[in-house]
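Fold and contact review
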Amino acid sequence: MTSALLSGIADTTLPVALLALSLVGAAILSFAPDTRAARQFVEDYGLLLLVGAVAGGAIVGVTLFLVGDKSLAKEWLDQYGLFALFFILILEGAMLLYFAPSESLVPIGVTVLPASAHDYDAIAAVILVAVVGATVGQYALFLLAKRGGREYLLDKPWFRVSESSLDRFEGWFQRWGRVVVPVSNALLFTRGMLTVPAGFAEMRDWEFIVLSALGTLLFQGWLAAVTLYVSQNDLLGVLPF
């Protein structure tokens, strides 16, 4: 009964959510007393709302997987899972991911999407999509920093990095140079932190893209490897809780 209900939700979640977002956006632009404010809201948060809708579809698929209808879950996740992962990682790269810890995305992906731990093509696809998505998001933020400047970003409501933290990240970049871009991307809790200072320093676009992608590949690669090792060896089962 539960899986049948979720199946019905899964068939309609994404198209209905996207249609609803379109109608809400049109209504805001049509009836808002200050259309400039409405347009600014869409500019600041439109991508976040769109990705939230896509992520909702992926959540339904994961829920189906957990309640037992794995064949239906696999079909749903095959259809929307990588698509959702790609857009969510764009938000992660652009430092807009507030609704999920970025470190959990690829581990969930390599656990749920492949048919087995030996489905290496699917595992590689998950990692590749994550790397491309995060690099696209980081490059977008890099361009905003490069062309808009420091005050432009600090004035944006979605840019939730304090001025003191930004000063610290700029100090790292000035001290260590370009190498901190891939190094920071390969480590927990520092991912993306050097994107903005790299833009302020007017780093060359192709150089930033290559170094950013390299660091993200290392990060997502070791996360996936650890996840698969733990899964294959059933190490969670030996924990005392």
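Model, not experiment: these values are computed from the prediction. (Residues numbered from 1 in each chain as written. Predicted model: local features only at pLDDT ≥ 70, side-chain atom pairs only at ≥ 80, totals over all residues. Heavy atoms only, no water.)

As for the overall build of the chain
Quick reminder of the rule: Starting at the N terminus, helices and strands are each numbered in turn, a helix being any DSSP run of H or I of at least four residues and a strand any DSSP run of E of at least two. Think of it in three bands: with a 1.4 Å probe and only protein chains considered, a residue is buried below 20% of the maximum accessible area for its type, exposed above 50%, and partly exposed in between.
Scanning the chain from terminus to terminus reveals 10 helices and 0 strands. Put simply, the chain runs from its N terminus to its C terminus through helices and strands in the order α-α-α-α-α-α-α-α-α-α. The 241 residues of the chain split such that 41% are buried.

Quick look at a nonpolar patch on the surface
Put simply, the rule is: Patch membership requires more than 30% relative accessible area and the absence of a salt bridge. Residues of like charge join within 9 Å; the nonpolar side chains Val, Leu, Ile, Met, Phe, Trp and Tyr join within 5 Å. Accessible areas in this description were obtained via Shrake-Rupley with a 1.4 Å probe; residue shielding takes into account the shown protein chains only. Here, a salt bridge means any side-chain nitrogen of Lys or Arg that lies within 4 Å of a carboxyl oxygen of Asp or Glu.
Together, Trp172, Trp176, Val179, Val183 and Leu187 give the surface a local cluster of nonpolar side chains, amounting to about 490 Å² of exposed area. Of note, Val179 is situated in the loop between helix H7 (163-176) and helix H8 (180-185).

What to know about the packing of helix H5 (residues 120-148) against helix H10 (residues 205-232)
Test applied: Note on method: axes are straight lines fitted to C-alpha atoms, helices fitted across the in-contact stretch only, with angles between N-to-C directions ranging 0 to 180 degrees. Here is the rule for handedness: rotate from the far helix to the near one, and if that takes an anticlockwise turn smaller than a right angle the crossing is left-handed, while a clockwise turn gives right-handed. Contacts are assigned to residue pairs with any non-hydrogen atoms lying within 4.5 Å of each other. Throughout this entry, Asp, Glu, Lys and Arg are counted as charged residues, while Ala, Val, Leu, Ile, Met, Phe, Trp, Tyr, Cys and Pro are counted as nonpolar. The remaining residues, Gly among them, count as polar.
As a packed pair, H5 and H10 sit with axes 8 Å apart at the nearest point and diverge in direction by 145°. Along this stretch, H5 crosses H10, giving a crossing that reads as right-handed. In this structure, H5 contributes Ile123, Ile127, Ala130, Val131, Ala134, Thr135, Gln138, Tyr139, Phe142, Leu143 and Lys146 to the contact, and H10 contributes Asp205, Phe208, Ile209, Ser212, Ala213, Thr216, Leu217, Gln220, Ala224 and Leu228. Split by residue class, the contact of H5 with H10 holds 14 nonpolar, 5 polar and 2 charged.

Regarding helix H4 (residues 105-112)
The buried fraction of H4 is high, at 6 of 8 residues. The complete set of buried residues in H4 reads Leu105, Val106, Pro107, Gly109, Val110 and Val112.

Considering the packing of aromatic side chains
Short version of the rule: Stacked, tilted and edge-to-face are the three classes assigned to paired rings of Phe, Tyr and Trp, where Trp is represented by its six-membered ring and a pair needs centres within 6.5 Å; plane angles under 30 degrees give stacked, over 60 edge-to-face, the rest tilted.
Scanning the entire structure with this criterion turns up 4 aromatic pairs. With a centroid separation of 4.3 Å and an interplanar angle of 10°, the aromatic rings of Phe142 and Phe208 are classed as stacked. Of the two residues, Phe142 is situated in helix H5 and Phe208 in helix H10; the sequence distance between them amounts to 66 residues. Phe208 shares its class with Phe142; the two are buried. Measuring from ring centre to ring centre gives 5.7 Å for Phe219 and Trp222, while their planes differ by 85°; the resulting arrangement is edge-to-face. Residue Phe219 and its partner Trp222 are both found in helix H10; the two are separated by 3 residues, about one turn of the helix. The class of Phe219 is buried, set by a relative accessible area of 0%.

Notes on the nonpolar core
Heads up, the rule is: As used here, the term nonpolar core means buried Ala, Val, Leu, Ile, Met, Phe, Trp, Tyr and Cys residues forming a set that is joined through side-chain atoms within 4.5 Å.
Membership of the largest hydrophobic core comes to 16 residues, with the highest contact counts inside it found for Leu85, Leu89, Val106, Val110 and Val126. Listed by contribution, the elements that provide at least two residues to this core are helix H3 (70-93), H4, H5 and H10. In terms of residue count, the dominant contributor to this core is H5 (7 residues). Those residues within four positions of Val106 in sequence are excluded, and the remaining contacts are Val126, Ala130, Gln220 and Ala224. With 13 residues, the next largest nonpolar core counts Met95, Ala145, Phe169 and Val196 among its residues.

Focus: the side chain of Gln220
Considering the arrangement of structural elements, one finds Gln220 in helix H10. The exposure class assigned to Gln220 is buried, which follows from its relative accessible area of 1%.

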